[in-house]
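Below, each chain spelled out in residue letters.
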Amino acid sequence: MITLLINIKELIQVREKGVKKVVGSDMKNLPTIKNAFLAIENEKIIDYGVMENIPSYSAAILVDCTGKMVFPTWCDSHTHIVYAGTREQEFVDRINGLTYEEIAKRGGGILNSAKRLKDSSEDELYELTKVRLDEVMRLGTGAIEIKSGYGLATDAELKMLRVVKRLKKDFDLPIKATFLGAHAFPEEFKENQEAYVDIIINEMLPKVASENLAEFIDVFCETGYFTVAQTEKIIKAGKALGLQPKVHVNQFTTIGGVEKCVDNNALSVDHLEVLNEKDIAALQNSDTMPVALPSCSYFLSIPYTPARTIIDNNLPLALASDYNPGSTPSGNMNFVVATACIKMKMTPEEAINAATINGAYAMNLSNEVGSITRGKKANFFITKEISSYNFLPYNFGASVIESVYIDGKLI
Ligand code: NIG
Ligand code: FE
């Protein structure tokens, strides 16, 4: 059965097959079709164009979109949505003057989440995560990456990734899993870091790989967390088992991690709140996607990733939520896009490109999602009646989304 969306005020992000990412000044270009139709069959986009050229389909379900726009769903390439408890006390502690680093030093932060996750069963975690996934899908997310990293012990890391595996089975949207055993050093390894690195490489990774639990490997490469040398050791071990690196780097300090990640063909480098010329130079002529997480900067009151510098140096940029209980308790990609426009001076066209096709690239999903393209998954959302696509980021803090379709099905 064909589903036919008609009288679409503007169909957003329409691209020919084969566009994997958009780079530099091309990010200012957002291809659209005004007064459009969109045809869906068997979970896929089969056709689109202007209303005057609409073919005649027999027996189609008609959806009238008069006054409304249609976007491809957001591609959120960086989340930590498998977690057990919330951390609003740390939020209050920060209001009262402590920094994220100070809270972590006192045993809060990632270690706090690890403590709570340890006591939760796989079923409990699955139920909690399912609710979050449902919530972000209703906010327009139609492809997502999910990390481990609150286990910090072999069983607990595997438990997190098994939750992701179940979600992959039960949900229609594309989900990619990332192994982030190297998120923080557990208390008992603070004085013996190499022993924990050893456990990651020799105990966790082989199990992750043999159970086929992750596509990607991540490390929190940062002062006070994993050094550049440790990061390289871990991502090389991951690569040897077929896991591509996607790395947390340059959140608070620039220590040479970007260059190392690029050297190791990282699919993406994420955070980049601080970035120097060497980092930019390393990213040029590479296939590595820089990823900005503006909701994290907003919530922690830390600098925003310098999007203008990145894009004006002819690099691509993707936007993701970083949804997690500590630094970003929000998975709302509409807010991410708005914040990128407001705080990072990205144009709406750049921000929409960054949150769709470039986000898809940062998950190796450019062939499946990220644009309205014949043959791609019919993952899209219909807005309420809006005056222009600029209204979406302008209307920050609220959602203009009326309905979301995943695999051509209304959710
Ligand atoms: O991406 N920076 C490292 N990891 C997460 C935060 C983790 C936490 O605080 O729980 C992030 O911001
Ligand atoms: Fe993160």
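Here the structure is shown first, and the text comes after it.
(A) Spotlight on the site of ligand 1. Looking at ligand 1, there are 15 residues lining it, with R87, Y100, Y150, Q251 and S327 nearest. One of the side-chain N or O atoms of R87 is found 2.7 Å from an oxygen atom in ligand 1. For ligand 1, a nitrogen atom lies 2.8 Å from a polar atom in the side chain of H183. Spatially, ligand 1 is embedded in the largest cavity. Of the residues that constitute the shell around ligand 1, the class distribution is four nonpolar, nine polar and two charged.

(B) The sheet that holds strand β8 (residues 175-182), seen in detail. With respect to topology, eight strands assemble into an open sheet ordered β6-β7-β8-β9-β10-β11-β12-β13, the strand pairing being parallel. A strand with exactly one partner marks an edge of an open sheet, and here the two such strands are β6 (74-76) and β13 (318-319). Strand direction decides the pairing type here: strand β11 (residues 268-271) and strand β12 (residues 289-292), joined by three bridges, are parallel. Following the sheet pairing, S268 is matched in β12 by M289.

(C) Looking closely at helix α4 (residues 122-138). Compared with an ideal rise of 1.5 Å per residue, which puts 17 residues at 24 Å, α4 spans 24 Å between its outermost C-alpha atoms and is within 8% of the ideal. For α4, the complete set of buried residues consists of L125, Y126, T129, R132, L133, V136 and M137. Taken around the axis of α4, the buried residues stretch over an arc of 135°, which confines them to a single face. One or two positions beyond α4, positive phi appears at G140, with a value near 105°.

(D) View of the packing of helix α5 (residues 154-170) against helix α6 (residues 193-210). Packing of α5 against α6 leaves a shortest axis separation of 10 Å and a crossing angle of 35°. Crossing of α5 against α6: the hand is right-handed. Residues T154, E157, L158 and L161 of α5 form the contact with α6, whose participating residues are I199, E203, M204, K207 and V208. When grouped by side-chain class, the residues that make up the contact of α5 with α6 number five nonpolar, one polar and three charged.

(E) Layout of the coordination of the iron ion (ligand 2). Of the protein atoms, only H78 (NE2), H80 (NE2), H248 (NE2) and D322 (OD) coordinate the iron ion (ligand 2), at distances of 2.1 to 2.2 Å. Sequence spacing of the donors to the iron ion (ligand 2): H-x1-H-x167-H-x73-D. With H78 in the loop between β6 and α1 (88-95) and D322 in the loop between β13 and α12 (333-344), the pair connects residues that are 244 residues apart, well separated along the chain. Overall, the relative accessible area of 1% leaves D322 in the buried class.

(F) Geometry of the packing of aromatic side chains. This model, assessed by the stated rule, comprises 13 aromatic pairs. An aromatic cluster is defined as three or more aromatic residues linked by ring pairs; in this entry it consists of F185, F189, Y196 and F226. Above the plane of the ring of Y83 lies R132, whose end atom (NZ or CZ) is 3.5 Å from the centre. The ring centre of Y48 lies 4.1 Å from the NZ or CZ of R374, which sits over that ring.

(G) Spatial organisation of the pairing of strand β10 (residues 244-249). Across the six residues that make up β10, a large majority, five, are buried. Bridging between strand β9 (residues 216-221) and β10 involves four bridges; their strand directions are parallel. Across the sheet, F216 pairs through a bridge with Q244, a residue of β10. What joins β9 to β10 is helix α7 (residues 228-240), and the crossover it makes is right-handed. For β10 and β11, the ladder comprises four bridges, and the chain directions are parallel. Within the sheet, the bridge partner assigned to V247 lies in β11 and is V269.

Each value, and the rule that gives it
- Residues numbered from 1 in each chain as written.
- Chains lettered and ligands numbered in written order.
- Predicted model: local features only at pLDDT ≥ 70, side-chain atom pairs only at ≥ 80, totals over all residues.
- Heavy atoms only, no water.
- Near = heavy atom within 4 Å.
- Polar contact = N/O pair within 3.5 Å; in protein donor to acceptor, adjacent residues only side chain to side chain.
- 1 Å grid on protein atoms, 1.4 Å probe; cavity = no way out; pocket = protein on both sides within 12 Å on 5 of 7 lines; lining within 4 Å.
- Sits in = over half its atoms within 2 Å of the grid points.
- Nonpolar A, V, L, I, M, F, W, Y, C, P; charged D, E, K, R; others polar.
- Pairing = 2+ DSSP bridges.
- Helix = DSSP H or I, 4+ residues; strand = E, 2+ residues; numbered from the N terminus.
- Expected span 1.5 Å × (residues − 1).
- Buried < 20%, exposed > 50% of the residue type's maximum accessible area, 1.4 Å probe, protein only.
- Arc of directions from axis to C-beta.
- Axes fitted to C-alpha atoms, helices over the stretch in contact; angles between N-to-C directions.
- Left-handed = near helix turned anticlockwise from the far one by under 90°.
- Contact = heavy atoms within 4.5 Å.
- Donors = N, O, S within 2.8 Å, 3.2 Å for Na, K, Ca; no water.
- Phe/Tyr/Trp six-rings, centres within 6.5 Å; stacked < 30°, edge-to-face > 60°.
- Lys NZ or Arg CZ within 6 Å of the ring centre and 35° of its normal.
- Right-handed = clockwise from strand over helix to strand, strands pointing away.

This is a description of form; function is not addressed.
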